[in-house]
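Structural features, examined
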Amino acid sequence: MEIKVCIGSACHLKGSYEVISIFKNYIASHDYDQRIVLKSSFCLGKCSDAVSVQVDNEKIFSVSPESAQMFIELLGQQVIGQQAIGQQTINVQRVSK
Amino acid sequence: MRKFENHVQKVKHDCLKYVAEYAFSGQLSRAVDEIPYKVSPGPDPQYRCCVFHERAITKERVKLAMGGSDHPYEFVEVLPSACDQCPVNRYVVTEACRGCIAHRCIGQCPVDAITIVNGKASIDYDRCVECGKCKDNCPYNAIADVMRPCKRECPTGAIEIDASKKAVINYDKCISCGACVYQCPFGAIGEKSEITDVISAITDQNASVYALLAPAFAAQFDYVDLGKVITGIKLLGFKDVVEAALGADLVILHEAEELLERKAEANPMTSSCCPGFVNFLTQKYPELSALVSHTVSPMIATTRLIKAIDPQSTVVFIGPCIAKKTEKARYNDTDFVLTFEELAAMIEAKGIELDSLPPSPLNNASPFGRGFAAVGGVSSAIAAHLNTRSITDIKIETANGIAECDKQLKLLKFKRFQSDFLEGMACKGGCIKGPVTMHHGHKDLKSIASYAQMAMEKNPMEATRPFKDLAISLI
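1. Let's talk about the overall build of chain B
The number of helices and strands found in chain B is 19 helices and 15 strands. For 475 residues, the compact-globule estimate of 2.2 N^0.38 gives 23 Å, and chain B sits close to it at 24 Å. With respect to the three principal axes, the spread of C-alpha positions in chain B is 80 × 60 × 35 Å. Considering only contacts in chain B between residues 6 or more positions apart, those separated by 24 or more positions represent 73%. A total accessible area of about 20800 Å² is found for chain B, and carbon and sulfur atoms account for 52% of it. Chain B carries 54 positive and 57 negative side-chain charges, and their two centres are separated by 4 Å.

Here it is in C-alpha cells:
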C-alpha cells in the first residue's frame, strides 16, 4: 500500500508534517515498512479540506493531525486484511471536523 | 492596477503580454508579423521617430521573447534597431561652459586635449583619455560625463561599441547579470525568454508543471495581495507553487556542514547561490573556482526536491534574475527559468483578474530560507544555524554588488582574506534588486522581512524534516 501525504502550502499549514510523523511512528512501531510505503506529495487539489492523504493513487482522504492516528490504524488493519476501508473512512472524516 | 516604473518596463511588458496571448491561443506563428502592428498601430509614433522604426524594434523584441538566437550560452542580447547609438565620447563640453579665464580644464588635462575655440572649451577626442579631470575641476560643472548607461553599469566591461556606434556584447566577458538590461534607457538590451516553452508546458493537460518561486516574490506585485497571485499562478495551469526558500533551507544545512569541513582544512569558502557572482568569479578569478561552495543553489535544490516527490514533473523557476538562466544551463535539473515580469505578462494575457481571486497560502520554508532574497541573508542563515550547534567562531564577510565582490575576491586571490566565508551577491541589495524584478523600491527589504516572519516553520531543520529520507543530492 502506498500513502501519499500532501505537503503543499495549504496542507502544510494544517499540519501535514505532523500527520507524516504520526504515520511514520505507526509504521515503524508495527514493522509495516515493507507493506506501507509513505510518500510526500504536492497539491492534490483539495486545498479547502484538512490535510490531503491519497491511498494507492486513488481516493483522497482528508486527515487532520487529530484524526491521523485513527486513520493510520484503520489502514494498518486493512493492510493485514481484517477490514475494508470504505465504511471506516466516513468515521475518519467525521472525526476530522 | 500595476504601476510601471518607467516606459521601458511597460513596452517590454506589452510585448511579452502579446506573445503570451498568441502562445495561449496557439497562434505563435503569426506573432512576429502581427504584434508590431498591435503595439504601434500608427499613423503617429509613440516614442520613436516613426511607426516603422517602432515596429522594427517590436519585431526584434518579439523574437527575443520567443527565445532569441540559437546560441546556447548567450542569454542577454542587444536589439540593434532599438540601440540609439548613444555618444561614444565620454566627456562633452556643455552649454554651461562660460569660457572663463581660469581654464582649469586645460590646466588639469594630462594630455593637452582641451583648447579654447570661440571662447569655449573644446575636447580633441583623438587625444582624450577619459580621465575625467576636466569634469572634476570645472567650477561651473560644464563638462558632462555622458558615458553610455549600458557601458557604465556593466561590471565586467563586456559592452563594446561597433563601427556604427551600436552596443555589442562581448560574450567572453558577459556574466549575464542583466545590469545593462535594466539600465538601458531605450530598452535596447533584453534577455532571452522561455515564456512560450512554459506556456506550451502548462497548457498540456497531462503534464505536472510546478512553479518554483524565488523568495524575492515578496517584493513583487505590490498592487495586489500576494496570496491572490498564488491562486492566479495555479489558474495559469501550474499544478502547485513551491517556495525556492524551501530549497534554501536544505542549502543552509548542507552549506553550513561544508563550511565546517573547509574551515577544518584551513580553506575559506564562498557562497554558490548567486549565479552572477559565480559567473564573475569563474570568469575573472578562475584560480579561485575551487573555493566556491559545492552545495547547489536553492533553485536546484528545490527542483531536485520536487522531482524526488513527483518524478514526472516539469519545474519552472520564476525569479528576478537573468543569470539564473546560465545556472539552469549548467545543471540538468530545472526545466525553465522565467522572470517575474514574464509571470505578470502571462497572468494578464490569460485574462486573470487577480483582485477577484481568493488568496492561497504559500508557506513551507523557514524565515532563514526566505531571507536569501536580500544581501546578508545567506550569511545570517548559516551563522544562525551554526549558532544552534554552539559554533560561534565562524567569521563571515558579505560582498554587496560586483564591485565589492571583486574587492573580496582580490583579497582571496592574494591570501589576504581574513574570514572563513564569503557571501557574494552580484546585485547590490541582493535578489530583490535583480534586473528583472517588477519594482525597485525602498520598501523591498521590509517586504522580505515581513514575509520571512510569516513563515510557520521556525528554522531550516524544522522546515525540511519530512525530506530526510528522500536522499536528495545537494552537490
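2. Observations regarding the interface of chain A and chain B
Across the boundary between the two partners, chain A contributes 14 residues, which contact 20 residues of chain B. Counting the surface lost from both chain A and chain B, the interface buries some 1600 Å², and carbon and sulfur atoms represent 59% of this. Per-residue buried area on chain A facing chain B is highest for S9, Y17 and F42 of chain A; these three make up 44% of the total on that side. Connecting chain A to chain B are one salt bridge. The shortest N-O distance in the salt bridge between D469 of chain B and K24 of chain A comes to 3.3 Å. Our count for the chain A to chain B interface comes out at nine residue pairs in polar contact (both at pLDDT 80 or more). If you list the elements that add at least two residues to the side of chain A that touches chain B, you get α1 (9-13), α2 (16-29) and β2 (37-41) of chain A. Residues belonging to the side of chain A that touches chain B are distributed by class as follows: eight nonpolar, five polar and one charged.

3. A closer look at the pairing of strand β9 (residues 209-213) of chain B
Within a regular strand, the side chains alternate between the two sheet faces. Residues and elements named next belong to chain B. Of all five residues in β9, five are buried, a share of seventy percent or more. Of the two faces of β9, the one carrying V209, A211 and L213 and the one carrying Y210 and L212 are both buried. Pairing of β9 with strand β12 (residues 314-319) involves five bridges; the strand directions are parallel. Of the residues in β12, the one forming a bridge with A211 is V316. One ladder, built from four bridges, connects β9 with strand β10 (residues 240-243); its direction is parallel. Of the residues in β10, the one forming a bridge with L212 is V242. A crossover links β9 with its parallel partner β10, the connecting element being helix α9 (residues 226-236), and its sense is right-handed.

4. Quick look at the sheet that holds β10 of chain B
Residues and elements named next belong to chain B. With parallel pairing, four strands are arranged side by side in an open sheet as β10-β9-β12-β13. Each of the sheet's edge strands pairs with one partner strand only, and the pair in question is β10 and β13 (336-339). Averaged over neighbouring strand pairs, the angle between their axes works out to 30 degrees when direction is ignored. Packed onto the sheet, α9 meets β9 and β10 and runs at close to 130 degrees relative to β10.

5. Some remarks on the pairing of strand β3 (residues 114-117) of chain B
As paired elements, β3 of chain B and strand β4 (residues 120-123) of chain B share four bridges and run antiparallel to each other. By the bridge assignment for β4 of chain B, I116 of chain B is matched with A121 of chain B.

6. Comments concerning the nonpolar core
Ranked by internal contacts, the top residues of the largest apolar core, which has 139 residues, are F23 of chain A together with L213, F221, L236, F238, M346 and L409 of chain B. When residues of this core are assigned to their parent elements, the largest contribution, nine residues, is made by helix α10 (residues 244-264) of chain B. Apart from the residues within four sequence positions on either side, F221 of chain B is in contact with L226, V229, L343, A344, I347, L354, M438 and H439 of chain B. In this structure, L64, C83, A188 and V436 of chain B belong to the second largest nonpolar core, which totals 20 residues.

7. What about the pattern of salt bridges?
All names here are of chain B. All told, the structure shown has 26 salt bridges over all chains when counted by the stated rule. Across the pair K17 and E348 runs a salt bridge, and its minimum N-O distance is 3.8 Å. Linking K17 in helix α1 (residues 7-24) with E348 in helix α14 (residues 340-349), this pair joins segments that are 331 residues apart in sequence. With its nearest N and O atoms 2.3 Å apart, the salt bridge here joins E257 to R389. A residue pair is termed long-range when its members are at least 10 positions apart, and E257 in helix α10 and R389 in the loop between α16 (377-388) and β14 (396-400) qualify at 132 residues. Assessed through its relative accessible area of 40%, R389 is described here as partly exposed. Via salt bridges that share partners, K12, E191 and E341 belong to a single interconnected network.

Definitions and limits used
Residues numbered from 1 in each chain as written. Chains lettered and ligands numbered in written order. Predicted model: local features only at pLDDT ≥ 70, side-chain atom pairs only at ≥ 80, totals over all residues. Heavy atoms only, no water. Helix = DSSP H or I, 4+ residues; strand = E, 2+ residues; numbered from the N terminus. Rg over C-alpha atoms; globule rule 2.2 N^0.38 Å. Contact = heavy atoms within 4.5 Å. Areas by Shrake-Rupley, 256 points an atom, 1.4 Å probe, with all protein chains shown as cover. Lys, Arg positive; Asp, Glu negative; His and termini not counted. Charge placed at Lys NZ, Arg CZ, Asp CG, Glu CD. Buried area = accessible area lost by both parts, 1.4 Å probe. Salt bridge = Lys/Arg side-chain N within 4 Å of Asp/Glu carboxyl O. Polar contact = N/O pair within 3.5 Å; in protein donor to acceptor, adjacent residues only side chain to side chain. Nonpolar A, V, L, I, M, F, W, Y, C, P; charged D, E, K, R; others polar. Buried < 20%, exposed > 50% of the residue type's maximum accessible area, 1.4 Å probe, protein only. Pairing = 2+ DSSP bridges. Right-handed = clockwise from strand over helix to strand, strands pointing away. Axes fitted to C-alpha atoms, helices over the stretch in contact; angles between N-to-C directions. Core = buried A, V, L, I, M, F, W, Y, C linked by side-chain atoms within 4.5 Å.

That is the geometry; function is a separate question.
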